[in-house]
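Coordinate analysis (summary)
Residue strings, one per chain:
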Amino acid sequence: GFQHEKIYFSKDSDNVLIMFRYFDRENDVSSDDVNDIEFILSSLPSKFNYIINPHPSLSKKELEKVVRKSGVKRYSIVETIPQQDFLFCLSTFTTVILKIINYRIPILFLKTKSFEYMMNWDFVNNLYSELNGFCRSQNEFKNLLENIDDTVSKYNIDYNLEILEKYYKPNSQEKFID
């Protein structure tokens, strides 16, 4: 997870951060479906270096299998996000998304099973669905990734920061950074 390391956006970076929630847990409504994880992994452009930060309860071995099966070549699986620059971030549902926005890193996140479940709460639904980078469908996600240079250069991070301001009163940024 997140300690106090600081990560940065750099348009010249070839590092991409990926944050995964746990998947394929019987009887756990907030778990993701492995098919969504495989879809995300198999959509990745090969030109980047992927730093995968899974939920602490997700088995590294389990994830490793899925990553390899999807044919991703350049990746590492990390317990803590290393202090370095990233070009963009991909994610399934996690509150860390809000931190990534505060670090001014463009983020794309796919509406997977965990998201659908979390969106039963109006607050979550309203906040996340308003954010730039929220993909309601696999198609939308794939298109943004296929045109990633464009996606990143047109990404409006200030808009996302304004949305956060709207939902968390002024000075709310403190809450995420700590």
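Our subject is the structure that appears above.
Throughout this description, residue numbers start from 1 for each chain and increase along the sequence as written. Where totals are concerned, whole chains, interfaces and linings use all residues; where local detail is concerned, this predicted model gives features only for residues with pLDDT of at least 70, and gives and counts side-chain atom pairs only at 80 or more. Where side-chain values are given, they derive from all heavy atoms of the structure, hydrogens and water being excluded.

Notes on the overall build of the chain
What counts, and what does not: Put simply, DSSP marks the helices as runs of H or I at least four residues long and the strands as runs of E at least two long, and each gets a number from the N terminus on. Only protein chains enter the accessibility calculation, which uses a 1.4 Å probe. A residue is then buried if its area is under 20% of the maximum for its type, exposed if over 50%, and partly exposed in between. Residue contacts follow a heavy-atom distance rule, with two residues in contact if any of their heavy atoms lie within 4.5 Å. Residue burial considers only the protein chains on display, and all accessible areas are found by Shrake-Rupley using a 1.4 Å probe. His residues and chain termini do not enter the charge count, which takes Lys and Arg as positive and Asp and Glu as negative. The atom standing in for a charge is NZ when the residue is Lys, CZ when it is Arg, CG when it is Asp and CD when it is Glu.
When you go through the chain residue by residue, the secondary structure sums to 9 helices and 8 strands. Considering only C-alpha atoms, the chain reaches an extent of 45 × 40 × 30 Å along its principal axes. Sorting the 178 residues of the chain into buried and exposed places 51% on the buried side. Taking the contacts inside the chain whose residues are at least 6 apart along the sequence as the reference set, 75% of them involve residues at least 24 apart. Summed over its atoms, the accessible surface of the chain is roughly 9,100 Å², and 46% of this surface lies on carbon and sulfur atoms. Looking at charge distribution, the chain has the averaged site of its 22 positive side-chain charges lying 2 Å from that of its 26 negative ones.

Some details on the layout of surface pockets
Selection rule: Note on definitions: the grid is 1 Å and covers protein atoms alone; a cavity is a set of points where a 1.4 Å probe fits but cannot get out; a pocket is an open set with protein on both sides within 12 Å along at least five of seven lines; lining residues have an atom within 4 Å of a point. Grid points are joined across faces, edges and corners, and a volume is the space filled by probe spheres set on the points.
Estimated volume of the largest pocket: approximately 190 Å³. Pro54, His55, Pro56, Thr94 and Val96 are, among the 13 residues lining the largest pocket, the residues nearest its centre. Elements represented by at least two residues in the lining of the largest pocket include exactly β2 (15–20) and β3 (49–54).

A look at unusual backbone geometry
Of note in the backbone geometry, asparagine 27 takes a positive phi value of approximately 55 degrees without being a glycine. Turning to its location among the elements, asparagine 27 is positioned in the loop between β2 and α1 (34–42). At arginine 104, a position not held by glycine, the phi torsion is positive, near 65 degrees. By the secondary structure assignment, arginine 104 is in the loop between α3 (96–102) and β7 (107–110). On the basis of relative accessible area, arginine 104 is assigned to the partly exposed category, the value being 38%.

Quick look at α1
Most of α1 sits inside the fold, with 7 of its 9 residues counted as buried. Those residues of α1 not exposed but buried are Val34, Asp36, Ile37, Glu38, Phe39, Ile40 and Leu41. Looking at the packing, one finds that the buried side of α1 touches β2, β3, α2 (60–69), β7, α4 (113–118) and α6 (138–146).

Let's talk about the packing of aromatic side chains
For the record, the criterion: Two rings from Phe, Tyr or Trp (for Trp, the six-membered ring) form a pair when their centres sit within 6.5 Å of each other. Planes less than 30 degrees apart are called stacked, planes more than 60 degrees apart edge-to-face, and all others tilted.
As enumerated under the stated definition, the model contains 13 aromatic pairs in all. Three or more aromatic residues joined by ring pairs make a cluster, and in this case those are Phe93, Phe109, Phe115, Tyr128 and Phe134.

So, the pattern of salt bridges
Let me state the cut-off plainly: By definition here, a salt bridge exists when the distance from a side-chain nitrogen of Lys or Arg to a carboxyl oxygen of Asp or Glu is within 4 Å.
Counted according to the given criterion, the structure contains 9 salt bridges. A salt bridge links lysine 65 to glutamate 62; the shortest N-O distance between them is 3.6 Å. With lysine 65 and glutamate 62 both in helix α2, this residue pair falls 3 residues apart, about one helical turn. On the basis of relative accessibility, which here comes to 51%, the residue lysine 65 falls in the exposed class. On the basis of relative accessibility, which here comes to 36%, the residue glutamate 62 falls in the partly exposed class. Of the charged contacts, one joins arginine 104 and aspartate 158 as a salt bridge, the two residues approaching to 2.6 Å between their closest N and O atoms. Placement of the pair is arginine 104 in the loop between α3 and β7 and aspartate 158 in helix α8 (residues 157–167), with a sequence separation of 54 residues. Look at aspartate 158 and you get partly exposed, because its relative accessible area is 41%.

Considerations on the packing of helix α5 (residues 122–130) against α8
The description of two helices packed together rests on the angle between their axes and the distance between the axes. Let me state the cut-off plainly: Whenever a helix is involved, its axis is fitted only over the stretch in contact; in every case the axis is a line through C-alpha atoms, and angles between N-to-C directions fall within 0 to 180 degrees. If an angle is under 35 degrees, it is roughly parallel; if it is over 145, roughly antiparallel; if it lies from 65 to 115, roughly perpendicular; otherwise it is oblique. In this scheme the handedness of a crossing depends on how the near helix is turned from the far one: anticlockwise by less than a right angle means left-handed, clockwise means right-handed. Classification convention: Asp, Glu, Lys, Arg as charged; Ala, Val, Leu, Ile, Met, Phe, Trp, Tyr, Cys, Pro as nonpolar; all other residues, Gly among them, as polar.
Where α5 meets α8, the axes come as close as 9 Å, and the angle between the chain directions of the two elements is 160 degrees. Looking at the two axes, α5 sits roughly antiparallel to α8. Where α5 crosses over α8, the two elements pack in a sense that is right-handed. Packed against α5, whose contacting residues are Phe123, Asn126, Leu127 and Glu130, the element α8 presents Tyr159, Ile163, Leu164, Lys166 and Tyr167 at the interface. Considered class by class, the residues forming the contact of α5 with α8 number 6 nonpolar, 1 polar and 2 charged.

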